[in-house]
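# Coordinates in review
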Amino acid sequence: MDTAPSAQPLTSTATAVGNRRRVATAAALASAVEWYDYFVFGIAAALVLGDLYFPAGSPTAGVLASFATFAVGFLARPLGGIVAGQLGDKRGRKPMLVLALTLMGLATTGIGLLPTYETIGVAAPILLVLFRVLQGIAVGAQWGGAMLMATEYAPEGKRGIYGSFVQLGVPIGVVTANTVFLLAGAFTTDSEFAAWAWRVPFLVGLFVLVLAWYIHTRVEETPEFREAEKKLAEQEKAEQSSPLRTILKSHLGTVLLAGGSFAVNTATFYIIITGVLDYTTRELGMKKSAVLTVSLCISLTQLVLIPAAAALSDKIGRIRIYAIGAAGIGLWAVPLFLLIDTGSLLWLAVGTFVASCFLSIMYGPQAALFAELFTPEMRYTGASLGYQIAAVLGGGLAPFVMVLLLETTGTSMAVSGYIIGLAVIALLSIKVLADRARSR
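Rules used in this analysis
Residues numbered from 1 in each chain as written. Predicted model: local features only at pLDDT ≥ 70, side-chain atom pairs only at ≥ 80, totals over all residues. Heavy atoms only, no water. UniProt positions renumbered as here; feature names shortened; annotations may be inferred. Helix = DSSP H or I, 4+ residues; strand = E, 2+ residues; numbered from the N terminus. Contact = heavy atoms within 4.5 Å. Areas by Shrake-Rupley, 256 points an atom, 1.4 Å probe, with all protein chains shown as cover. Axes fitted to C-alpha atoms, helices over the stretch in contact; angles between N-to-C directions. Parallel < 35°, antiparallel > 145°, perpendicular 65-115°, else oblique. Left-handed = near helix turned anticlockwise from the far one by under 90°. Nonpolar A, V, L, I, M, F, W, Y, C, P; charged D, E, K, R; others polar. Phe/Tyr/Trp six-rings, centres within 6.5 Å; stacked < 30°, edge-to-face > 60°. Lys NZ or Arg CZ within 6 Å of the ring centre and 35° of its normal. Patch = residues over 30% accessible without salt bridge, like charges linked within 9 Å, V, L, I, M, F, W, Y side chains within 5 Å. Salt bridge = Lys/Arg side-chain N within 4 Å of Asp/Glu carboxyl O. Buried < 20%, exposed > 50% of the residue type's maximum accessible area, 1.4 Å probe, protein only. Expected span 1.5 Å × (residues − 1). pLDDT = per-residue confidence, 0-100.

- As recorded in an unreviewed UniProt entry, the protein goes by the name MFS transporter, listed as coming from Streptomyces shaanxiensis.
- As stated in UniProt under Subcellular location (unreviewed entry), the record for the protein gives "Cell membrane".

Right, dumping it as structure tokens:
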């Protein structure tokens with residue numbers, strides 16, 4: 001835990017508080033714009049990318065190809081986590097966060113300007129996959145940097161709530177992405193939307209480059225890293241070790257348990273915001289704008305629930321809150337799709353709202369929990385790897401698996417079974433992490 005003197009000069013205290021606020025705000029904004037850029041691809045994949053970049057075959061085949069490209073970004077995320085984690089634990093949190101934001105801004109803009117299959121042929125899907133890979137590397141690098149900038153600046157006893165500022169980037173990104181897509185659809189016809197308006201949300205992502213410049217020039221490195229930097233330098237001099245080598249040699253089990261504990265959260269989240277969007281509009285005949293509006297409203301509730309769960313974890317423990325969220329996701333998996341299958345907008349809202357409550361309960365304390373699993377000199381690498389393993393096993397494949405399960409079984413209960421299986425893995429992983437914590 002962070003420690004601080006019992007008394008400080010007024011100017012020093014004011015400066016420290018100002019730094020904390022500036023860093024927390026910058027970390028939250030970095031997370032929000034990064035996730036916005038990442039999420040616009042998921043929404044576009046469900047709505048237009050299949051027809052524009054993978055036109056051959058049936059509509060289902062086009063959606064599967066589009067979601068497969070969506071999943072490629074997740075497969076690239078561990079690479080971003082490994083590279084940024086290694087450098088972030090040795091060179092600092094801030095440089096890696098700036099690099100991740102810059103890479104995301106360039107990749108997202110590239111997608112917004114990319115010609116379609118009709119214009120440049122097979123080069124179009126190839127470039128689309130390449131830009132998606134770059135997005136994956138960027139978001140894999142970003143989360144650890146933003147999370148540590150917030151949690152390592154947190155005052156004692158408030159690491160959970162400070163970590164939740166970064167977690168808020170996800171619902172803010174979803175709300176913003178859905179809002180921009182809704183506006184693009186509202187002011188254009190369906191043919192105009194497919195022709196050019198879908199590109200506008202990607203070009204808005206250029207704002208991320210402005211934020212990268214601000215963090216580079218105005219935000220300081222975290223105090224915990226500055227202390228860890230001295231220790232790591234001594235360790236490398238004596239052992240020629242590295243954060244990644246140390247993680248793989250001595251803490252791989254913890255990384256895998258962290259990933260196993262979180263896969264159900266990220267899988268259910270992407271099923272709700274991406275898979276359900278495709279399912280309800282293509283299979284159930286619901287209106288695109290109505291489903292996007294529900295997703296937007298549900299995400300707004302997470303802006304309250306995530307920090308509330310994080311603050312509670314500061315008082316009664318992270319593992320307890322985290323486990324309640326995981327159990328709730330598993331128990332709600334069947335009712336969720338029974339409600340969605342009614343084709344009613346009201347029941348869709350009820351089902352996804354309850355699911356988002358459990359997701360928020362779990363997501364709120366997750367940043368602080370993962371940070372506390374590792375010491376500062378290996379924290380960027382360890383926490384990032386745990387998170388990105390979960391993203392690959394859960395989030396990246398979830399929409400693809402959902403469409404595949406629906407096509408092969410003909411029932412949404414197969415998707416519920418998929419979520420329940422991941423929830424069981426999560427609860428087993430959480431139990432082992434809790435047992436290890438008690439033994440320490």
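Text resumes after the structure shown.
### Here's the deal with the overall build of the protein
- A count of helices and strands for the protein gives 20 helices and zero strands.
- When contacts within the protein are restricted to residue pairs at least 6 apart in sequence, long-range pairs at least 24 apart make up 87% of them.
- Here the protein displays about 17,200 Å² of accessible surface, and carbon together with sulfur accounts for 68% of that area.

### Observations regarding the packing of helix α13 (residues 252-283) against helix α16 (residues 345-363)
- Relative to each other, α13 and α16 sit at 155°, their axes nearing to 10 Å. One finds that α13 runs roughly antiparallel with respect to α16. Crossing hand, α13 versus α16: left-handed. Residues S261, F262, V264, N265, T268, F269, I272, V276 and T280 of α13 pack against L348, T352, A355, L359, M362 and Y363 of α16.
- Here the residues of the contact of α13 with α16 are counted per class, giving ten nonpolar, five polar and no charged.

### What to know about the packing of aromatic side chains
- Applying the stated criterion to the full structure yields eight aromatic pairs.
- On the numbers, 5.7 Å between centres and 85° between planes, the contact of W198 with F202 is edge-to-face.
- Pairwise contacts between aromatic rings join F262, Y363, F370 and Y387 into one cluster.
- A cation over an aromatic ring shows up here: K288 above the ring of F193, its NZ or CZ 4.1 Å from the ring centre.

### Structural notes on a nonpolar patch on the surface
- Together, V334, L338, I420, V424 and L428 make up an exposed nonpolar region whose accessible area comes to about 410 Å².
- Those elements that provide at least two residues to the nonpolar patch are α15 (318-340) and α20 (413-439).
- Relative to the assigned elements, L428 resides in helix α20.

### A closer look at the side chain of N178
- Summarising the element assignment, N178 is placed in helix α7 (residues 169-186).
- On the basis of relative accessible area, N178 is assigned to the buried category, the value being 2%.
- Once residues within four sequence positions are removed from consideration, N178 is found in contact with I43, L292, S295 and L296.

### Observations concerning the pattern of salt bridges
- Under the counting rule described, the total for this entry stands at five salt bridges.
- When the shortest N-O distance is used, the salt bridge between E283 and R282 registers 3.1 Å.
- Of the charged contacts, one joins R318 and D314 as a salt bridge, the two residues approaching to 2.9 Å between their closest N and O atoms.
- Among the residues examined, R318 registers a relative accessible area of 10% and is labelled buried.
- The partly exposed category is assigned to D314, whose relative accessible area is 22%.
- Linked through salt bridges whose partners overlap, the residues forming this network are D278, R282 and E283.

### A closer look at helix α3 (residues 93-113)
- The first and last C-alpha atoms of α3 sit 31 Å apart over 21 residues, in line with the 30 Å expected at 1.5 Å per residue.
- Burial analysis of α3 places 15 of its 21 residues in the buried class, which makes it a mostly covered element.

### Quick notes on the packing of α13 against α20
- Here α13 crosses α20 at 150°, and the two axes come no closer than 8 Å. As far as their axial angle goes, α20 and α13 are roughly antiparallel. As α13 runs across α20, the sense of the crossing is left-handed. Contact residues: α13 offers G253, T254, L257, A258, G260, S261, A263, V264, A267, T268 and I271, while α20 offers V415, Y418, I419, L422, A423, I425, A426, S429, I430, V432, L433 and R436.

### Focus: the environment of G259
- Along the chain, G259 falls in helix α13.
- With 131 residues separating them in the primary sequence, G259 and A390 have C-alpha atoms 4.3 Å apart.
- If we ignore the near neighbours within four places in the chain, the residues touching G259 are G386, I389 and A390.

### What about the environment of A258?
- With respect to the secondary-structure elements, A258 resides in helix α13.
- With 112 residues separating them in the primary sequence, A258 and F370 have C-alpha atoms 7.2 Å apart.
- Among residues more than four places away in sequence, those in contact with A258 are F370, L373, G386 and L433.

### Re the environment of L345
- Looking at the element boundaries, L345 is found in helix α16.
- The exposure class assigned to L345 is partly exposed, which follows from its relative accessible area of 38%.
- Considered as a pair, L345 and M286 are 59 residues apart in the sequence and their alpha carbons are 8.0 Å apart.
- Residues contacting L345, with those up to four places away along its chain left out, are M286, A290, V291 and V294.

### With respect to the confidence of the model for the protein
- Confidence in the prediction for the protein averages 83 pLDDT; 89% of positions are at 70 or higher.
- Averaged over each element, pLDDT in the protein is lowest for helix α11 (residues 223-239) (57) and highest for α15 (96).
- Counting interchain partners and residues more than four positions distant, the pLDDT-below-50 stretch residues 1-11 has eleven contacts.

### Regarding the side chain of S299
- Position of S299 relative to the elements: it lies in helix α14 (residues 288-316).
- The contact partners of S299, leaving out residues within four places of it in the chain, are P171, V174 and V175.

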